[in-house]
Amino acid sequence: MRGGLWQLGQSITRRLAQAEKKAVARRYYSVDSELKKTVLYDFHVANGGKMVPFAGWNMPIQYKDSIIDSTVNCRENGSLFDVSHMCGLSLKGKDSIPFLEKLVIADVAGLAPGTGTLTVFTNEKGGAIDDSVITKVKDDHIYLVVNAGCRDKDLAHIEEHMKAFKAKGGDVSWHIHDERSLLALQGPLAAPTLQHLTKDDLSKIYFGDFRVLDINGASCFLTRTGYTGEDGFEISVPSEHAVDLAKAILEKSEGKVRLTGLGARDSLRLEAGLCLYGNDMEQHTTPVEAGLTWAIGKRRRAEGGFLGADVILKQLEQGPSIRRVGLISSGPPARSHSEIQNEKGENIGEVTSGGFSPCLKKNIAMGYVKSGSHKSGTKVKITVRGKAYDGVVSKMPFVPTKYYKPT
Amino acid sequence: MASRLLWASRAASYLRISVFNRGFASVVKDLKYADSHEWVKVEGTSATVGITDHAQDHLGDVVYVELPEVGASVSQGDSFGAVESVKASSDIYSPVSGKVVEVNEELNTSPGLVNASPYENGWIMKVEIGNTSEVNNLMDSDKYSKFCEEEDAKH
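Keep in mind that this is a model prediction, so the values were computed, not measured. (Residues numbered from 1 in each chain as written. Chains lettered and ligands numbered in written order. Predicted model: local features only at pLDDT ≥ 70, side-chain atom pairs only at ≥ 80, totals over all residues. Heavy atoms only, no water.)

**Things to note about the overall build of chain A**
Next, step 1: The secondary structure content of chain A amounts to 11 helices and 19 strands.
Next, step 2: The globule rule puts the C-alpha radius of gyration for 407 residues at 22 Å, and the 21 Å found for chain A is close to it.
Next, step 3: Dimensions along the principal axes, computed over C-alpha positions, put chain A at roughly 60 × 50 × 50 Å.
Next, step 4: A buried classification covers 60% of the 407 residues belonging to chain A. (Helix = DSSP H or I, 4+ residues; strand = E, 2+ residues; numbered from the N terminus. Rg over C-alpha atoms; globule rule 2.2 N^0.38 Å. Buried < 20%, exposed > 50% of the residue type's maximum accessible area, 1.4 Å probe, protein only.)

**Some points on the UniProt feature "modified residue: N6-lipoyllysine" (unreviewed entry) in chain B**
Next, step 1: Mapped onto this structure's residue numbering, the UniProt feature "modified residue: N6-lipoyllysine" (unreviewed entry) falls at Lys87(B).
Next, step 2: Inspection of the secondary structure assignment puts Lys87(B) in the loop between strand E6 (79–85) and strand E7 (89–93).
Next, step 3: Separated by 3.0 Å, the side chains of Lys87(B) and Gln62(A) make a polar contact. (UniProt positions renumbered as here; feature names shortened; annotations may be inferred. Polar contact = N/O pair within 3.5 Å; in protein donor to acceptor, adjacent residues only side chain to side chain.)

**Remarks on the packing of aromatic side chains**
Residues and elements named next belong to chain A.
Next, step 1: According to the stated counting rule, one finds nine aromatic pairs over all chains in the structure shown.
Next, step 2: On the numbers, 5.2 Å between centres and 75 degrees between planes, the contact of tyrosine 143 with phenylalanine 221 is edge-to-face. Placement of the pair is tyrosine 143 in strand E7 (residues 141–146) and phenylalanine 221 in strand E11 (residues 218–223), with a sequence separation of 78 residues.
Next, step 3: A relative accessible area of 4% means that tyrosine 143 is categorised as buried.
Next, step 4: Summarising the aromatic geometry, the rings of phenylalanine 207 and tyrosine 403 are spaced 4.1 Å apart at their centres and angled 20 degrees between planes, so their arrangement reads as stacked. Within this pair, whereas phenylalanine 207 is found in the loop between helix H7 (190–195) and strand E10 (210–215), its partner tyrosine 403 is found in the segment after strand E19 (387–394), the two being separated by 196 residues in sequence.
Next, step 5: When its relative accessible area of 33% is taken as the criterion, phenylalanine 207 is described as partly exposed.
Next, step 6: Classification of tyrosine 403 by relative accessible area gives partly exposed; the value is 22%.
Next, step 7: Pairwise contacts between aromatic rings join Tyr143, Phe210 and Phe221 into one cluster.
Next, step 8: The positively charged end of arginine 180 is found above the aromatic ring belonging to phenylalanine 221, 3.8 Å away from the centroid. (Phe/Tyr/Trp six-rings, centres within 6.5 Å; stacked < 30°, edge-to-face > 60°. Lys NZ or Arg CZ within 6 Å of the ring centre and 35° of its normal.)

**Overview of the pattern of salt bridges**
Residues and elements named next belong to chain A.
Next, step 1: Tallied over the entire structure, the rule returns 19 salt bridges over all chains.
Next, step 2: Notably, a salt bridge pairs glutamate 179 with arginine 180, separated by 3.9 Å at the nearest N-O pair.
Next, step 3: Given the relative accessible area of 36%, glutamate 179 is considered partly exposed.
Next, step 4: Looking at arginine 180, the relative accessible area reads 15%, which means it is buried.
Next, step 5: Note that arginine 269 is salt-bridged to aspartate 266, the shortest N-O span being 3.0 Å. Note that arginine 269 and aspartate 266 are positioned in helix H9 (residues 262–271) at a spacing of three residues, about one turn of the helix.
Next, step 6: Judged by relative accessible area, which is 1%, arginine 269 ranks as buried.
Next, step 7: The exposure class assigned to aspartate 266 is buried, which follows from its relative accessible area of 8%.
Next, step 8: By sharing partners, the salt bridges in this structure join Glu101, Asp107, Arg299 and Glu303 into a single network. (Salt bridge = Lys/Arg side-chain N within 4 Å of Asp/Glu carboxyl O.)

Set out below in structure tokens:
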């Protein structure tokens, strides 16, 4: 182990957020005090959080529980994450929907009020600027959450297009929810725990649904969504109530829901087959290559009208040349940038994220391979430190998802 | 006044982190330590090598240990394998030069021994050393403890 353990922390952070490589974000590394803190910072430290720099923020990578224990506990009981570093944003105005539809692949007009979906912001070449969960609150109000590491470029992108849109008479404006904090409550105990803290009937709120409601005495935005594959919620709470809400959730779960850091969050999302922007999706990756074709609304496929639509629609027709796949391998866990070869030893692609699955007790990864080698069951070799290990293309999610959907 | 209060709160949170990060790691008196966080136990010309408690604590759950081949040559300061935790992979560096005479095969099935017993059952390799004076380049337990404290305090 060389280079100091601090650098190890840095390498973990880099693996979690490749966006960190950006020169702008790197500036935040120089001094701890330049890192932003969420309102829960002291609460994390008091609870044993090991704080690391992440996308310009000082965030807990883990608490006293090991990452394996935290990951397993999320699926057996529940996890509470502080994800306040992510950027919540509201678009308001009667033309919010046509405006947003120029920038994302989703059929926003087709969403029922109070529901949302995962989407991708695309550039002119059809590549992904960011992935985001967007919600149609009402026809004139969209709520969305973008990645912390992409905040600046996303906001600049939206602002630039908003100026042009308004100049042509469009009615849209934004509000960045810096007055709010974001908590993610995930796992089988998420709903029963949260039900103790609100009068609204959570059994009527399904995966992807959004409500504004009173939780623990504060007016919150509640989205039944998450980044673990489990049932659960993301709760946008006025920052002055965030610590009280976190404490109340832990208390109402009788200690079964545990504070969980970014380390386990990464294991959980990998097990669920969910992309990490910056690793599994980048500026040059199209949603089709990333396996997010399902997120392109039917109407959008027919009409286009979003940035890069020509490239994306052509790819839909002809099939992409590379595709994101799941991988299971022997030997050491494959990490991002490990080479993937076919059985003849020819290069067919690269791992974009990977690690040991705490729940399956084996190595899982995702990466991009040439079309034709993407079918589940295809045998491959994955190179780690110069040695080739056996691997096989596998279906994702690796661990079955448990989203709460109407039966 | 305001800036003084700010300083105080920063200092307080800083101290709390430091206390948490330190304190748990143990060292063993008769071993020698490398600044890359490996230990070595020298008996005559035979050296047993592993990673320290401090290292395993920072790595977290170890899930794979890449062992060297028996018969391979290793040099002081050169990489001879790797330890993979859930968080990250980390190269490991030999604290001595010589020939690998035995590796801990148990780590193939139970890599967690590195966490549970870093100085005993979690040993990684045994080396027949050529030049015993090399060991003088390494730290003793007191010096290594201080080294870890300083390294943690820096960050």
